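Coordinates in review
Listed below are the residues making up each chain.
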Amino acid sequence: MIIIMKPQAAKENVDAVVRAITSKGLQAHLSQGDQVTIVGVVGDKTRLMHDNLELIPGVDKILSVTETYKLANKKFHPQDSTIHVGDTPIGPGQLTLMAGPCAIENEEMMMQTAMAVKAAGAAFLRGGAYKPRTSPYAFQGLEEEGLRYIRRAGDAAGLKVICEVTSLKALETAVRYVDMLQIGARNMQNFELLKEVGRSRIPVMLKRGLSATIDEWLNAAEYIISEGNPDVVLCERGIRTYEKATRNTLDLSAVPVIRSKSHLPVIVDPSHAAGVRGYIAPLAKASVAAGADGLMIEVHPCPSCALSDGPQSLTFEQFETLCRELKPYADLAQRTF
Ligand code: PEP
Ligand code: MN
């Protein structure tokens, strides 16, 4: 349920509404727009059944929010959010580029990649230290040693660092090294991990599950926000369909759908969607046109030597070309990087 205040409502009016809500043991969330204030209610709204909130001076109307996600809901927060990762914003007006290898393999390749992607325009260095591989015999990641490498490389190049966490144990270690946590597709509904990430207060990028609906994805975001961490960025990375020509099917419609249902920023990962290097540039451009707030792209100094996801990784030169080609699309979308 949301309470929409009249444009001329005074602060005392808003305070009275908040008091009425909190006195029933419910939470009140304020969204202060240019014109109106919206008070969102989280909790069992039947407790307010006899309260006649519409009679409180300054209240314009009361609407029910039927979706189970509230704090991630655009109705609670009509203005699009900007998430700040240190001094780096992700949201309206920005096209945040995150780039780096699928897996952190050694310190030298992280240093080389960091310098190359920074020069091309990236704001974030990515790289997996805990790899959720389909086969238990595939390279599983360097864990804490890898985190040390990505942190040093990010600092040397002046890049923020994002790394996936796959377990509570990984989270405990990663919080000491990274600027942003990544929850991968395979863990989108690992609710214990989502809750703990919600208590961590470090910004989180939440990837869409392999076969998750948008509703399930937004409810996963709600798990994080409801534990106290509002800094969630969504990432569309393709979903599993019958089509075999690409690794997954990039659901570009998710971008405008998320825009209409949520205030959270949404970025696109065309690398894990396509699985094929040659399709990444057109999908990246289409993502910007669809309204994405950023892109996550796999880049490797030697894709043919990569320990994971080589076929979808761009060379430094290909990434630099892509960034150059993205500029006019970003300009049209009024976004900078
Ligand atoms: C990744 O970004 O390294 C990754 C494993 O992606 P996803 O969770 O989208 O498969
Ligand atoms: Mn990968």
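In case you missed it, the structure is sitting above this.
Read on for a plain summary of the structure. Please read these numbers as outputs of a predicted model, since none were measured by experiment.

Rules of the game
Residues numbered from 1 in each chain as written. Chains lettered and ligands numbered in written order. Predicted model: local features only at pLDDT ≥ 70, side-chain atom pairs only at ≥ 80, totals over all residues. Heavy atoms only, no water. Pairing = 2+ DSSP bridges. Helix = DSSP H or I, 4+ residues; strand = E, 2+ residues; numbered from the N terminus. Axes fitted to C-alpha atoms, helices over the stretch in contact; angles between N-to-C directions. Contact = heavy atoms within 4.5 Å. Parallel < 35°, antiparallel > 145°, perpendicular 65-115°, else oblique. Left-handed = near helix turned anticlockwise from the far one by under 90°. Nonpolar A, V, L, I, M, F, W, Y, C, P; charged D, E, K, R; others polar.

Taking strand neighbours around the barrel as the criterion, the eight strands line up as S7-S8-S9-S10-S11-S12-S13-S14 in a closed arrangement whose pairing is parallel. Strand-to-strand twist across the sheet, computed as the mean angle between neighbouring axes with direction ignored, equals 25°. Across the sheet, helix H6 (residues 214-226) is in contact with strand S11 (204-207), strand S12 (232-236) and strand S13 (266-268); its angle to S12 comes to roughly 155°.

Before going further, it helps to spend a moment on the packing of helix H9 (residues 280-290) against helix H10 (residues 316-332). In the contact formed by H9 and H10, the axes pass within 9 Å of each other and the chain directions differ by 25°. The angle between the axes of H9 and H10 places the two elements in the roughly parallel class. Considering only the axes of H9 and H10, their crossing is right-handed. For the pair H9 and H10, the contacting residues are Ile-280, Ala-281, Ala-284, Lys-285 and Val-288 in the first and Leu-322, Glu-325, Leu-326, Tyr-329 and Ala-330 in the second. In terms of residue class, the contact of H9 with H10 is built from eight nonpolar, no polar and two charged.

Now for the packing of H6 against helix H7 (residues 254-261). Their axes nearest at 11 Å, the elements H6 and H7 cross at an angle of 55°. One element, H6, and the other, H7, form an angle in the oblique class. Handedness of the crossing formed by H6 with H7: right-handed. Two secondary-structure elements touch here, H6 through Ile-214, Trp-217 and Leu-218 and H7 through Ala-254, Val-257, Ile-258 and Lys-261. Grouping the constituent residues of the contact of H6 with H7 by class yields six nonpolar, no polar and one charged.

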